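Spelled out from the first residue to the last, the chains are:
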Amino acid sequence: MVLRPLIKALLPRSALGAAVSARDAVQILSTPRAAFDARNLRPAADVDMKAIFGDRSAAEAWQTDQAAVASVFGAREWVGGVNPGDRRAIYHLIYALNPRSVLEVGTHVGASTFHIARALRAAAPDGTLTTVDISDVNDPQSGAWVSVGLNRAPRDMLAALDCARHVTFVVRPSLEFMTATNEKYDFIFLDGDHSARAVYLETAAALRLLRPGGLILLHDFYPEGRPLYAGSGVIVGPDRALKRVRRECPDIAVMPVGALPWLTKDGSNVTSLALVAKASSPA
Ligand SMILES: C[S@@+](CC[C@H](N)C(=O)[O-])C[C@H]1O[C@@H](n2cnc3c(N)ncnc32)[C@H](O)[C@@H]1O
């Protein structure tokens, strides 16, 4: 274990990335086949990205809600949290799709959580969000909010944002929670462990938890494992996972959101968000 930081410091970044990618590939190859049931997914043909991200009413609500979130959380990017452009995209998705119940895997500092919660507050006042993290994100010592330099825990941020009633925090590994819960969800956001193995298994679990017409949203989806941003590398796991999912269940489609009408990161307007929907039947 003492050797690990030393190896990390000595190896060039590219070699480290290649080693992580190779381990990820071996892990998913050795993962037993899961069952995928696309029945409850919304058909891809029923998802109109242009309408979702161009929605005027969502854009107006965003002005108010973004200002509210910025007043307690700031408008900048926080280490490990989704970037400001992706927050806006997630806000539009929730506002437009109007889910009654949302599951988020990967709370961290709450960047996505706050925007889902405010979109629910604006568009679906009875809507609920369950956010799951393997670590206690609200802990006053170990919570990520402390190490990144935020002045309050996600739970306190939500109270300040008048959203506490919408959100339940769960401290548990995602797959354990997803296997044990009896709840069903209209929208599931996967932003936890980005290894191919985890995303492959979480996708199968998410499909079992979806209500009819539901959608899954992935973060850090780099189509074909290619870079999306000039200043940062690639996370290969989600693309690799969904390739295997689609080989085993061709009824599933992945819809990368692609370019947004606003900036995301590194001066780009591209996002790594991707929706998982039901593939159109062949003509
Ligand atoms: C990239 S961060 C999520 C960022 C968050 N959505 C935001 O915008 O602030 C990933 C989070 O997933 C959590 N995580 C990693 N593996 C997990 C697992 N197996 N189950 C649940 N959470 C996990 C990590 O603890 C970390 O907080």
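This one's a predicted model, so the numbers in the text were calculated from it and none came from an experiment.

**Focus: the overall build of the chain**
Inference 1: Check the secondary structure of the chain and you find eleven helices and seven strands.
Inference 2: For 283 residues, the compact-globule formula gives about 19 Å, and the C-alpha radius of gyration of the chain, at 18 Å, lands near that figure.
Inference 3: Here the chain holds 283 residues, and 44% of them are scored as buried.
Inference 4: Relative to all contacts within the chain whose residues are 6 or more apart in sequence, the contacts with residues 24 or more apart total 78%.

**A closer look at the site of the ligand**
Inference 1: Around the ligand there are 22 residues in total, and G81, G106, H108, A111 and D193 lie nearest to it.
Inference 2: Those elements giving two or more residues to the shell around the ligand turn out to be α6 (111–123) and β2 (128–133).
Inference 3: Considering only residue class, the shell around the ligand consists of nine nonpolar, ten polar and three charged.

**A look at the confidence of the model for the chain**
Inference 1: For the chain, the mean per-residue pLDDT works out to 94, and 95% of the residues sit at or above 70.
Inference 2: Here helix α1 (residues 3–10) stands out as the least confident element of the chain, with mean pLDDT 59; strand β1 (residues 101–105) is the most confident, with 99.

**Notes on the packing of helix α4 (residues 56–73) against α6**
Inference 1: Running from N to C, α4 and α6 point in directions that differ by 140°, and their axes come no closer than 10 Å. When the axis of α4 is compared with that of α6, the two are oblique. In the packing of α4 onto α6, the handedness of the crossing is right-handed. Residues A61, D65, A68, V69 and F73 of α4 pack against F114, H115, R118 and A122 of α6.
Inference 2: Of the residues in the contact of α4 with α6, the class split is six nonpolar, one polar and two charged.

**Regarding the sheet that holds strand β3 (residues 167–171)**
Inference 1: Overall, mixed pairing links the seven strands, which are arranged β3-β2-β1-β4-β5-β7-β6 in an open sheet. Edge positions in the sheet fall to β3 and β6 (252–259), since each has one partner strand and no second. Mean inter-strand twist for the sheet, computed between neighbouring axes without regard to direction, equals 20°.
Inference 2: With seven bridges connecting them, β6 and strand β7 (residues 270–278) associate as antiparallel partners. What sits directly across from M255, in β7, is L275.
Inference 3: Where α6 meets the sheet, its contacts fall on β1, β2, β3 and β4 (185–190), and the angle it forms with β2 comes to roughly 170°.

**Things to note about helix α10 (residues 196–209)**
Because the α-helix completes a turn every 3.6 residues, residues three or four places apart line up on one side.
Inference 1: Given a rise of 1.5 Å per residue, 14 residues ought to cover 20 Å, and the 20 Å separating the end C-alpha atoms of α10 matches this to within 8%.
Inference 2: The element α10 is extensively covered by neighbouring structure, given that 13 of its 14 residues are classed as buried.

**Structural notes on the nonpolar core**
Inference 1: Core analysis: the biggest nonpolar cluster contains 75 residues, and I94 and I188 have the highest contact counts within it.
Inference 2: For this core, the element with the most residues is α10, which contributes ten residues.
Inference 3: What I188 contacts, discounting residues up to four positions off in sequence, is L103, A206, L209, L210 and I216.

**Overview of α4**
Inference 1: Between its first and last C-alpha atoms α4 spans 25 Å; for 18 residues at 1.5 Å apiece the expected length is 26 Å, and the two agree.
Inference 2: Along α4, the largest kink reaches about 30° and is centred on W62.
Inference 3: Along α4, the residues classified as buried are A58, W62, D65, V69 and F73.
Inference 4: Along its buried surface, α4 packs onto α5 (84–97), α6 and α8 (154–160).
Inference 5: G74 sits one or two residues past α4 and shows a positive phi near 85°.

Conventions we followed
- Residues numbered from 1 in each chain as written.
- Predicted model: local features only at pLDDT ≥ 70, side-chain atom pairs only at ≥ 80, totals over all residues.
- Helix = DSSP H or I, 4+ residues; strand = E, 2+ residues; numbered from the N terminus.
- Rg over C-alpha atoms; globule rule 2.2 N^0.38 Å.
- Buried ≥ 20, exposed ≤ 12 C-beta atoms within 10 Å, placed from the backbone.
- Contact = placed C-beta atoms within 7 Å.
- Near = placed C-beta within 6 Å.
- Nonpolar A, V, L, I, M, F, W, Y, C, P; charged D, E, K, R; others polar.
- pLDDT = per-residue confidence, 0-100.
- Axes fitted to C-alpha atoms, helices over the stretch in contact; angles between N-to-C directions.
- Parallel < 35°, antiparallel > 145°, perpendicular 65-115°, else oblique.
- Left-handed = near helix turned anticlockwise from the far one by under 90°.
- Pairing = 2+ DSSP bridges.
- Expected span 1.5 Å × (residues − 1).
- Core = buried A, V, L, I, M, F, W, Y, C linked by C-beta atoms within 7 Å.
- Bend = angle between axes of the 7 residues up to and from the residue.

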